[in-house]
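# Architecture at a glance
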Amino acid sequence: MKNLKWDGRYLQAGITALLVIFCCIVFYVALQRWTAIRAAVGSVASILTPFVWGAVLAYLLRPLLAAFQGRCFAPLAQRLTKNRRTGFAIARGLSVLMSEIVAVLIVAVLLWLIIPRFYESIQSIILALPDYYMSINRFATDFLDSYPELESLVRLWSGQIYIKLNAWLENDFQPQVADLVGVVSTSLAAILGALLNVFIAVIASCYLLYNKEKFGGKAKRILYGVFSVKHAEGILSGLNFVDRVFVGFLFGKLIDSAIIGVLCFIGCSILQMPYAVLISVIVGVTNIIPYFGPFIGAIPSAFIILMVSPFKCLIFVVFIFALQQFDGNILGPKILGSSVGISGFWVMFSIIVANGLMGFTGMLVGVPLFVVLSTGFNKLIDALLKKRGLQTETACYTCIDHIDPDTHEPVRKTVGDVPDEIIEGR
């Protein structure tokens with residue numbers, strides 16, 4: 001023991017062992033109290049929700065703020081005052097105010113244009129329900145008259161459905177009616193809470209927009225304090241890439257969906273489709289969701305038209321198919337550009353996985369999130385390959401048997417009838 005020399009290595013190993021043991025204990029305690037921890041996290045997330053939405057709103061309004069300040073109010077402030085600080089405050093304050101007003105006006109105009117027509121379409125559908133019921137009943141009666149062997153089976157099913165419906169009305173529905181007052185009061189409280197969250201989010205977004213340089217400076221101060229300069233520069237470069245991908249994709253998809261909604265309305269009006277506004281809103285909104293959006297919007301729209309005219313429903317399906325082909329092959333790539341550089345399979349994969357993890361929000365941000373993660377993963381693999389002295393291009397690994405350990409050259413296997421374009425990655 002006297003010959004044992006204690007130095008920094010033993011101290012470092014001891015501290016590492018203690019940290020590992022501490023982390024294991026914390027992990028075990030977290031598993032034992034997972035329900036309470038999850039409830040606490042949910043409570044904190046609920047409290048922070050308006051601030052999160054405020055940060056999202058501020059993030060989306062940044063380009064509008066820059067346009068107002070750089071092109072309108074900054075030159076105006078320079079003429080009004082010679083004090084740079086006062087001029088900046090005037091220009092930034094007016095830019096924030098105008099950005100928020102434009103955002104509110106866009107939402108208000110859309111609601112003003114859509115809600116009345118939307119209400120008229122829903123009302124006309126409700127008023128036409130008796131006629132739809134009579135048409136379906138007449139079709140079912142004629143069909144059963146043609147196939148009498150099915151009539152007894154249908155009558156048996158309808159009798160069972162009637163018995164279960166009566167039992168549900170007596171045992172479940174009537175007791176729930178007594179709790180209707182509580183449900184209404186809870187809904188009103190939820191609506192008031194949502195309005196309060198919206199108000200707080202708008203205020204938070206104004207503060208974040210006005211002080212965006214200050215918040216950016218604090219974030220960079222922490223970044224350079226925690227990481228080395230080299231690693232901090234790499235993180236900043238990655239964040240800038242994430243910003244470009246998300247802003248390009250989200251704004252591009254919004255513009256693309258708005259154009260598709262307008263084109264759908266024009267086409268439905270020319271083809272004299274019923275409920276053109278309602279259907280255009282459904283198609284435009286669901287088109288924001290990549291890959292699955294056209295199918296999600298087309299199915300209920302086709303069903304609504306089917307209740308009016310099966311022939312028009314067929315025409316609508318053909319029109320929507322042509323419109324989505326135009327969007328997927330011409331309009332979408334033209335607007336989105338290179339913000340999404342992944343294949344259709346990975347688009348579908350990212351949407352399904354993100355929807356399972358984050359719900360509807362995942363369907364919206366799944367594609368740009370996957371682009372960011374896949375790009376980071378590919379850069380990591382490229383760095384590891386370069387470190388080993390290997391090629392980074394995927395084409396170098398297509399149809400090879402192995403890498404020669406001495407020369408690091410690929411040894412190709414017999415490829416049979418595989419075209420040279422696939423082997424060479426063209």
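What counts, and at which threshold
- Residues numbered from 1 in each chain as written.
- Predicted model: local features only at pLDDT ≥ 70, side-chain atom pairs only at ≥ 80, totals over all residues.
- Heavy atoms only, no water.
- Helix = DSSP H or I, 4+ residues; strand = E, 2+ residues; numbered from the N terminus.
- Buried < 20%, exposed > 50% of the residue type's maximum accessible area, 1.4 Å probe, protein only.
- Contact = heavy atoms within 4.5 Å.
- Areas by Shrake-Rupley, 256 points an atom, 1.4 Å probe, with all protein chains shown as cover.
- Disulfide = S-S within 2.5 Å.
- Patch = residues over 30% accessible without salt bridge, like charges linked within 9 Å, V, L, I, M, F, W, Y side chains within 5 Å.
- Salt bridge = Lys/Arg side-chain N within 4 Å of Asp/Glu carboxyl O.
- Axes fitted to C-alpha atoms, helices over the stretch in contact; angles between N-to-C directions.
- Parallel < 35°, antiparallel > 145°, perpendicular 65-115°, else oblique.
- Nonpolar A, V, L, I, M, F, W, Y, C, P; charged D, E, K, R; others polar.
- Polar contact = N/O pair within 3.5 Å; in protein donor to acceptor, adjacent residues only side chain to side chain.
- Phe/Tyr/Trp six-rings, centres within 6.5 Å; stacked < 30°, edge-to-face > 60°.
- Lys NZ or Arg CZ within 6 Å of the ring centre and 35° of its normal.
- Left-handed = near helix turned anticlockwise from the far one by under 90°.

This brings us to the overall build of the protein chain. Regarding its fold elements, the protein chain presents 13 helices and two strands. Here the protein chain holds 426 residues, and the buried ones make up 23% of them. Summarising the internal contacts of the protein chain: among those between residues at least 6 apart in sequence, 61% fall at separations of at least 24. Of the roughly 30200 Å² of accessible surface on the protein chain, a fraction of 70% belongs to carbon and sulfur atoms.

What makes a disulfide is a covalent bond joining the sulfur atoms belonging to two cysteines. By the definition in use, this model includes zero disulfides. Cys268 supplies the cysteine sulfur nearest to Cys264, a cysteine that is in no disulfide, at a spacing of 3.9 Å. Exposure remark for Cys264: the relative accessible area of 0% places this residue in the buried category.

Quick look at a nonpolar patch on the surface now. A cluster of nonpolar side chains, Val44, Ile47, Leu48, Phe51, Val52, Trp53, Val56, Leu60 and Phe251, forms an exposed patch at the surface whose accessible area comes to about 820 Å². Mapping Ile47 onto the fold places it in helix α2 (residues 34–80).

Attention shifts here to unusual backbone geometry. Although it is not a glycine, Gln272 sits at a positive phi angle of roughly 55°. With respect to the secondary-structure elements, Gln272 resides in the loop between α7 (229–270) and α8 (276–286).

Between α2 and α7, whose axes approach to 12 Å, the crossing angle comes to 85°. Relative to α7, the element α2 lies roughly perpendicular. Packed against α2, whose contacting residues are Tyr59, Leu60, Arg62 and Pro63, the element α7 presents Asp243, Phe246, Val247 and Phe251 at the interface. In terms of residue class, the contact of α2 with α7 is made up of six nonpolar, no polar and two charged.

You can see Gln69 is positioned in helix α2. Using a relative accessible area of 14% as the deciding quantity, one classes Gln69 as buried. One polar contact links Gln69 to Arg92, side chain to side chain, over a distance of 2.7 Å. Residues in contact with Gln69, not counting those within four places in the same chain, are Ala74, Pro75, Phe88, Ala91, Arg92 and Ser95.

A separate point is the pattern of salt bridges. For the coordinates displayed, the defined rule picks out four salt bridges. Here Arg62 makes a salt bridge to Asp243, at a shortest N to O gap of 2.6 Å. Of this pair, Arg62 sits in helix α2 while Asp243 is found in helix α7, placing the two residues 181 residues apart along the sequence. On the basis of relative accessible area, Asp243 is assigned to the partly exposed category, the value being 22%. The salt bridge involving Arg92 is made with Glu213; its shortest N-O contact spans 2.8 Å. Within this pair, whereas Arg92 is found in helix α3 (residues 84–146), its partner Glu213 is found in helix α6 (residues 212–226), the two being separated by 121 residues in sequence. Residue class for Arg92 comes out buried when judged on its relative accessible area of 2%.

Attention now moves to the packing of aromatic side chains. Inspection of every chain in the model, using the stated rule, returns two aromatic pairs. Seen from their ring centres, Tyr207 and Phe215 are 5.9 Å apart, and the 75° between their planes marks the pair as edge-to-face. On the basis of relative accessibility, which here comes to 36%, the residue Phe215 falls in the partly exposed class. Across the ring face of Phe215, the terminal group of Lys218 is positioned such that the distance to the ring centre comes to 6.0 Å. One residue, Lys379, lies across the ring of Phe241, its end atom 5.7 Å from the ring centre.

So, on to the packing of α6 against α7. In a pair of packed helices, the angle between the axes and the distance between the axes together describe the arrangement. Packing of α6 against α7 brings their axes to within 8 Å, and their N-to-C directions diverge by 140°. Considering their axes alone, α6 and α7 lie oblique with respect to each other. For α6 against α7, the interelement crossing comes out right-handed. Along its contact with α6, which presents Lys220, Leu223 and Tyr224, the element α7 presents Val229, Ala232, Glu233, Ile235 and Leu236. Class assignment for the residues of the contact of α6 with α7 results in six nonpolar, no polar and two charged.

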